[in-house]
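# Report on the structure
Letter by letter, the chains look like this.
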Amino acid sequence: MTMMQEVPPVPCVPGAPSWVSLLTPDVAAAQAFYGPLLGWSFETVSEPTGPYAYALTRATKVAGIAALPERWQFPATWTTFFGVTDIAAAARRVGERAGTVGIGPMDFTGGRLAIATDPGGAAFGLWQGTAGPARHLRLPGAPNWVELSTEDAFGAAMFYGSVLDWDHLGPEQLEVHWEHERVVVRVQGHNVAALRTVKAVDGEETAHWHISFAVDDVESATAHAQRLGGRIITPPAPSPYGPTASVRDPHGARFSLIAPL
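Residues numbered from 1 in each chain as written. Predicted model: local features only at pLDDT ≥ 70, side-chain atom pairs only at ≥ 80, totals over all residues. Heavy atoms only, no water.

## Comments concerning the overall build of the protein chain
The secondary structure content of the protein chain amounts to four helices and 16 strands. Across the 261 residues of the protein chain, 50% fall into the buried class. Intrachain contacts of the protein chain at a sequence separation of at least 6 include 62% that bridge at least 24 residues. Just so you have it, the protein chain exposes about 12000 Å², and 54% of that area is on carbon and sulfur atoms. (Helix = DSSP H or I, 4+ residues; strand = E, 2+ residues; numbered from the N terminus. Buried < 20%, exposed > 50% of the residue type's maximum accessible area, 1.4 Å probe, protein only. Contact = heavy atoms within 4.5 Å. Areas by Shrake-Rupley, 256 points an atom, 1.4 Å probe, with all protein chains shown as cover.)

Structure representation (structure tokens):
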């Protein structure tokens, strides 16, 4: 029998989704929910911000879970981090283009990170370091797709393109194009992210990045999420990128399940 080997860290693709991380008030409860749902095992390490649980599927790190400090008045939430080559310069560009950097840049194992909000209010991260699951798009349990819902997708694309330096990346690294009523980011031949104009999302006005995790069967995974204490926002339905359903975990963090085409 061939044993799966962990994929060695590699430099993140500049401008592309590079990592996803959950802030939650109860890390153990999050592990009890996402572990059975997505087939994750966990490895906990000590980081400058406190204990951090890496989620692994097939011996590959695909996401992280951290405790939400009580002093931070944030809801439980998933954050998408985008790769950059110079996080200090990228953070400056956020402020210069009407965004806000709320945390960092700060050191973290394997690199440096910052958390910011775009002009529409959507939170996102910047990451300078080694890559995460953006290189493992077909891996079950890994983030397969991230999508920004915002009131002005083209304005948002101008902001992210400038902050993440999309215009200076060659097509062999990253491409940005229009399809299925979305601005789509394509990395190494794979669609990995999109920006979509939506006036109201699930009854909420707040712009946000939404993370989709790959599963084999969306309907069975959605039913499993309910049994584990999750709440279904939108039931399984077709999408241009595969059947998908939107879910909240027991602490309210929003994510999707997708069976990629």
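## Observations concerning the packing of aromatic side chains
By the definition in use, this model includes 22 aromatic pairs. With a centroid separation of 6.1 Å and an interplanar angle of 80 degrees, the aromatic rings of phenylalanine 124 and phenylalanine 159 are classed as edge-to-face. Taken together, the residues span a long stretch of sequence, with phenylalanine 124 in strand 8 (residues 123–129) and phenylalanine 159 in helix 3 (residues 153–163) at a distance of 35 residues. Residue classification places phenylalanine 124 among the buried residues on the basis of a relative accessible area of 0%. Among the residues examined, phenylalanine 159 registers a relative accessible area of 5% and is labelled buried. Taken together, a centroid distance of 5.1 Å and an interplanar angle of 85 degrees make the contact between phenylalanine 159 and tyrosine 160 edge-to-face. Within the aromatic cluster, the residues linked to one another by ring pairs are Phe33, Tyr34, Trp40, Phe42, Trp78, Phe213 and Phe255. Positioned over the ring face of tyrosine 54 is lysine 61, at 4.4 Å from the centre of the ring. (Phe/Tyr/Trp six-rings, centres within 6.5 Å; stacked < 30°, edge-to-face > 60°. Lys NZ or Arg CZ within 6 Å of the ring centre and 35° of its normal.)

## Notes on the pattern of salt bridges
Inspection of the entire model under this criterion finds five salt bridges. Note that lysine 61 is salt-bridged to glutamate 43, the shortest N-O span being 3.7 Å. On the criterion of sequence distance, the pair formed by lysine 61 in strand 4 (residues 60–67) and glutamate 43 in strand 2 (residues 41–47) is long-range, its members being 18 residues apart. Residue classification places lysine 61 among the partly exposed positions, given a relative accessible area of 26%. Take glutamate 43: its relative accessible area is 33%, and that puts it in the partly exposed class. As a salt-bridge pair, glutamate 96 and arginine 97 come within 3.1 Å of each other at their nearest N and O atoms. The exposure class assigned to glutamate 96 is exposed, which follows from its relative accessible area of 59%. Exposure remark for arginine 97: the relative accessible area of 31% places this residue in the partly exposed category. Salt bridges here are not isolated pairs; linked through shared partners, they connect Glu147, Arg182 and Arg196. (Salt bridge = Lys/Arg side-chain N within 4 Å of Asp/Glu carboxyl O.)

## Digging into helix 2 (residues 87–96)
Here helix 2 has its buried residues at Ile87, Ala89, Ala90, Ala91 and Val94. Considering only its buried residues, helix 2 is in contact with strand 6 (100–108), strand 7 (111–117), strand 8 and helix 3. N-cap assignment for helix 2: the residue whose side-chain oxygen lies 3.2 Å from the backbone N of alanine 88 is aspartate 86. Just downstream of helix 2, alanine 98 is the residue with a positive phi angle, here 75 degrees. (Polar contact = N/O pair within 3.5 Å; in protein donor to acceptor, adjacent residues only side chain to side chain.)

## Re helix 3
Taken together, the buried positions of helix 3 are occupied by Ala153, Ala156, Ala157, Phe159, Tyr160, Gly161 and Val163. At its buried positions, helix 3 is contacted by helix 2, strand 8, strand 9 (143–150), strand 11 (182–187), strand 12 (190–197) and strand 13 (208–214). In this structure aspartate 152 caps helix 3, since a side-chain oxygen of it lies 3.3 Å from the backbone nitrogen of phenylalanine 154. Of the residues one or two after helix 3, aspartate 165 is the one with positive phi, at around 65 degrees.

The values reported here are purely geometric and, on their own, carry no functional implication.
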